Every structure is written in structure tokens, then in C-alpha cells.
Amino acid sequence: MTTDDWVETCEWMAEEYAEEWPGLTIPVDKENADIIYTVNAREPKHYPEDLAEAAILFHLAGEDWTVPSEGWEETSLAMFAGDWEACKIQVQAVYAAMDRLKPKKMVVTECGHAYRATVIEGPYWAGLKTGRTPVESFHYVEWVAEMLRTGRIKIDPSKKIKEPVTYQDSCNYIRNAGLKDVAREIMSYIAEDFREMKPNKEHNFCCGGGGGMNGLGRYREQRNIGLKVKRDQILATGAKLVISPCHNCWDAIRDLEEVYKIGIRWSFLKPLLIEMAIVPDHLKPPEEE
């Protein structure tokens, strides 16, 4: 995706949702913002509504945020190939955006791979001896938990998830980065019947699409066999909805349902939160006369 395509997509999504959310913007290259938001390229390319949903939640929370025109892409396909020089080139583009725009912190979209590549492994590829990104960085689940904890996003109790729901623990930000408790904190705010998979947290099984397997179409038959592990885990919970704030997990569970048809739905956090958030009057569209 070119820089022009990316910026145009940001403008398009802001315009698309402006009537429903007055004042909604997706600021590009705003300097000194509190948050620089970076994404997985699949979002603007294949489901740009995810970008709009992030903007809506930042809007609801009153965040001062921006996206960079360059250095917005977190995905490191070179990591799957073990090409560390290419990994360095990719992650340095993100860090250059931090240096250029000088945000207070970075928030990474709902993607385990992107978080690991940029926040966990990235500093070492880039030769940063601190092992840390140029500005403090957070996975999207951390930002969501903070917003719910502080009341900057409030949940309508009548709209909490009533049906049985489970949570897919991403290898990359749960097992690798230790964000298991943050994920459960979010569930305590939004779900009335949360059911853990067994095993769970850092001991949970991979979604079936990790390690680059989601992107390797020629191994789909073998991956479908591996998906049986996750299928049986989900079935054992009795859950009808699987929340998976990770692109690989989301894609793998989608493929699982396509193949095995076990009668589940799956979702990122963003659309669920928008559906159940209390919208302050000043953010609502004017009533039609």
C-alpha cells in the first residue's frame, strides 16, 4: 500500500463515519500528540473499518492522537523468513515516525505479531541497547483496559455481552509479553458469562495460524488439521463468541469456523466496545427535526 493510498484511506474512513460521529477525524502527521497509532497493513487494505473503529474509540475517550503518513505499518514479514536486516529496515521506519512526530507513546493495533515485531523484538533489530522502543509502547488491550478502568470509556450495563464468551490468548502478546491479566480485566467489564479455555493464558494453545502459517496458503490442508486443537478447546467452553484481539488469531478462528462449522462468531474488541459504550450527548449526531 502506497503512502497516498494509506492517507486517502484515513480520509475516506473519517468521512464515511462523520455523519454518525460528528467531529470524527483521523489526524495524520500531527506532532506532539499523546498517542501515535500504528496498524497491521491488512486493516487499511482489506477491512479499513477497523481503522475507523479505532478512531471512534479514540474520539469517545477524548484522546489526542495521530497516525504517521509513513512508518505506520507494524507487520514484519521478514521475521518469518529470519531476514534480520530486512526486519531492521522495516522497524526503523516506525521508529523514524516516532522521532519525527514526537508523540508521548505508541499504541499498536489488535495484532500480536505487530506488537512482538515492533515492541518486543524491534529494538534489538534496530540496535537499541535499552531493548525499548524510542517512546513507550502499548498493545491495544492495554489502552482499552486503561480507558475502562479510568472511566474514559463507560460501558452500558444493559449492553454487556450476555451470551457465553471466551477469549483467545495470542501467543505474541499474552505468552510473549505477559498481558494475560489485562485481557481478563477487559472481560470483567464487558462480559457477563466469560468462560476460560483450558489451558489458558500463557499456557493456551496457538490459534493455529501463528509462525507465518496464516500467510502460507499452500499448507492450508495441514493447518486445518492443526485447527482441530483450537476447535475442541472452544467447543469445551460452550462459548458462542470468541474475542480475539489479534489478526492471526482472528483469521485462524474465521478459517476454523469456515472448515468445521461449529456455530461460533469471532470479533476484535473494537466493534464490541463501540456497540456497548455509553456515548456522551455532545458526541451524538444532532436529532433530525
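**So, helix α6 (residues 112–120)**
When you tally the buried positions in α6, you get seven out of nine residues, the bulk of the element. G112, H113, A114, Y115, A117, T118 and V119 are the residues of α6 that are buried.

**Examining the state of the cysteines**
The tally for this structure, following the rule as stated, stands at zero disulfides. No disulfide involves C10; its sulfur sits 17 Å from that of C111, the nearest cysteine. For C10, a relative accessible area of 1% gives the class buried. C249 takes part in no disulfide bond, and the closest cysteine sulfur to it belongs to C246, at a distance of 3.8 Å.

**Remarks on the environment of G127**
Locating G127 in the fold gives a position in the loop between α7 (122–125) and β4 (136–139). Judged by relative accessible area, G127 falls into the exposed class, the value being 53%. Placed 99 residues apart in sequence, G127 and V28 show a C-alpha to C-alpha distance of 28 Å.

**Let's talk about the nonpolar core**
Residues I26, Y37, Y140, W143, I161, I190 and I243 are the most contacted members of the largest nonpolar core, which totals 86 residues. Broken down by element, this core gets its largest block of residues, nine residues, from helix α3 (residues 49–61). If sequence neighbours within four positions are ignored, W143 has contacts with I35, L57, F58, A61, E63, V107 and I153.

**Let's talk about the packing of helix α11 (residues 220–237) against helix α12 (residues 247–260)**
Helix packing geometry: the angle between the two helix axes and the distance between the axes. Taken N-terminus to C-terminus, the directions of α11 and α12 make an angle of 95 degrees; their axes are 9 Å apart at the nearest point. The angle between α11 and α12 falls in the class roughly perpendicular. Along the contact surface, α11 presents R220, R223, N224, I225, L227, K228, K230, R231 and I234, while α12 presents A252, D255, L256, E258, V259 and Y260. In terms of residue class, the contact of α11 with α12 is built from seven nonpolar, one polar and seven charged.

Cut-off values and rules
Residues numbered from 1 in each chain as written. Predicted model: local features only at pLDDT ≥ 70, side-chain atom pairs only at ≥ 80, totals over all residues. Heavy atoms only, no water. Buried < 20%, exposed > 50% of the residue type's maximum accessible area, 1.4 Å probe, protein only. Helix = DSSP H or I, 4+ residues; strand = E, 2+ residues; numbered from the N terminus. Disulfide = S-S within 2.5 Å. Core = buried A, V, L, I, M, F, W, Y, C linked by side-chain atoms within 4.5 Å. Contact = heavy atoms within 4.5 Å. Axes fitted to C-alpha atoms, helices over the stretch in contact; angles between N-to-C directions. Parallel < 35°, antiparallel > 145°, perpendicular 65-115°, else oblique. Nonpolar A, V, L, I, M, F, W, Y, C, P; charged D, E, K, R; others polar.

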